[in-house]
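Next come the chains, spelled out residue by residue.
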Amino acid sequence: MDAILSKGTLGTLATVATVLQFLTGTVICNRYIRKKSTGDTSAFPFISGFLSCFMWLKYGVLTEESTVMLVNFIGSALFFSYTVVFFIFCVNKREVVRQMMLISCIILSATVYTMFESDAEKSVRIIGLLCCCLAVLFFASPLSTLAHVIRTQNTDSLPFPIIVASFFVCFLWTAYGVLIGDRFIQVPNLLGGILAGIQLTLYVIYPKQKASSGPRYSPLVSENPVL
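Residues numbered from 1 in each chain as written. Predicted model: local features only at pLDDT ≥ 70, side-chain atom pairs only at ≥ 80, totals over all residues. Heavy atoms only, no water.

Another aspect to go through is the overall build of the protein chain. When its secondary structure is counted, the protein chain shows nine helices and zero strands. Mapped from its N terminus to its C terminus, the protein chain presents α and β elements in the order α-α-α-α-α-α-α-α-α. Burial status across the protein chain gives 42% buried among its 227 residues. Looking at the protein chain alone, contacts between residues at least 24 apart form 80% of all its contacts between residues at least 6 apart. Entry remark: accessible area of the protein chain is about 12700 Å², with carbon and sulfur atoms responsible for 69%. (Helix = DSSP H or I, 4+ residues; strand = E, 2+ residues; numbered from the N terminus. Buried < 20%, exposed > 50% of the residue type's maximum accessible area, 1.4 Å probe, protein only. Contact = heavy atoms within 4.5 Å. Areas by Shrake-Rupley, 256 points an atom, 1.4 Å probe, with all protein chains shown as cover.)

Examined against the element boundaries, Lys58 turns out to sit in helix 3 (residues 44-63). Separated by 73 residues in sequence, Lys58 and Cys131 place their C-alpha atoms 9.6 Å apart.

Inspection of the entire model under this criterion finds one salt bridge. Notably, a salt bridge pairs Glu95 with Arg98, separated by 2.6 Å at the nearest N-O pair. Of the two residues, Glu95 and Arg98 are both situated in helix 5 (residues 93-116); the distance of three residues between them amounts to about one turn of the helix. Residue class for Arg98 comes out partly exposed when judged on its relative accessible area of 48%. (Salt bridge = Lys/Arg side-chain N within 4 Å of Asp/Glu carboxyl O.)

Another point: the confidence of the model for the protein chain. Mean pLDDT for the protein chain: 84, with 86% of residues reaching 70 or above. When mean pLDDT is compared element by element in the protein chain, helix 4 (residues 66-89) scores highest at 95, while helix 7 (residues 143-152) scores lowest at 75. Low pLDDT, under 50, characterises residues 211-223; the predicted model gives this stretch 23 contacts beyond four residues in sequence or across chains. (pLDDT = per-residue confidence, 0-100.)

Moving on to the side chain of Asp182. The residue Asp182 is located in the loop between helix 8 (160-180) and helix 9 (183-205) in this model. Nearest to the buried, unbridged Asp182 among oppositely charged side chains is Arg183, at 8.4 Å. Of note is the side chain of Asp182, whose polar atom sits 2.6 Å from the side chain of Tyr59. Beyond its immediate chain neighbours, meaning those up to four positions away, Asp182 contacts Tyr59 and Gly177. (Lys, Arg positive; Asp, Glu negative; His and termini not counted. Polar contact = N/O pair within 3.5 Å; in protein donor to acceptor, adjacent residues only side chain to side chain.)

Attention now goes to the nonpolar core. Considering soluble globular proteins, one finds that nonpolar side chains tend to be buried as a cluster. Ranked by internal contacts, the top residues of the largest apolar core, which has 40 residues, are Phe46, Met55, Tyr59, Phe79, Phe86, Val96 and Trp173. Among the secondary structure elements, those contributing two or more residues to this core are helix 1 (2-22), helix 2 (24-35), helix 3, helix 4, helix 5, helix 6 (120-140), helix 8 and helix 9. When residues in this core are grouped by element, the largest group, eight residues, is from helix 3. Counting residues in hydrophobic clusters, the runner-up holds 13 residues, among them Ile163, Ala196, Tyr203 and Tyr206. (Core = buried A, V, L, I, M, F, W, Y, C linked by side-chain atoms within 4.5 Å.)

Here is the structure:
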């Protein structure tokens, strides 16, 4: 009973924290709607977020993990909505369509594979590895930012609230993965938590100046979580 309660409580906390992180996209979309333009920003964070959530949703279905299914169903719906808003107000619609076609091919290939693969355990293993690869690629994206911060000794390019939220979310999902004995959930979120911790450490090493006359750096870290 205690294990079930712990799993349920931890799953609920992870779900709520992750959905709140997903909802930060509404702030960005609201800005697009007010300006009636997306400027020079890219739709890739939204599109990659949709791909990641959809694949984790498929993994949740294969493993019958209701918590993973719920959070990624919500995430898939939100990121698809964000992509639609971006498409409406962007100038280069062809690029958005190209990116959507690319991830559609990945989703279709994964769906067809799971439909025709008779070995259920192999399906879980392949889709789990695909989800991990997507997560590793996602977590590797801020590495250029870390090099930039170290080179300039300036942390303005690191969005502190997003990093703290990512650290907390990754910690919860790592703990949940340990609790249910799922390495495909444990490993990518552990890596994400370590990377977020490294970025937080940079705030200690290179504290922000109270006032600066130098150039301002735009955030380079993706806002999409793994799960």
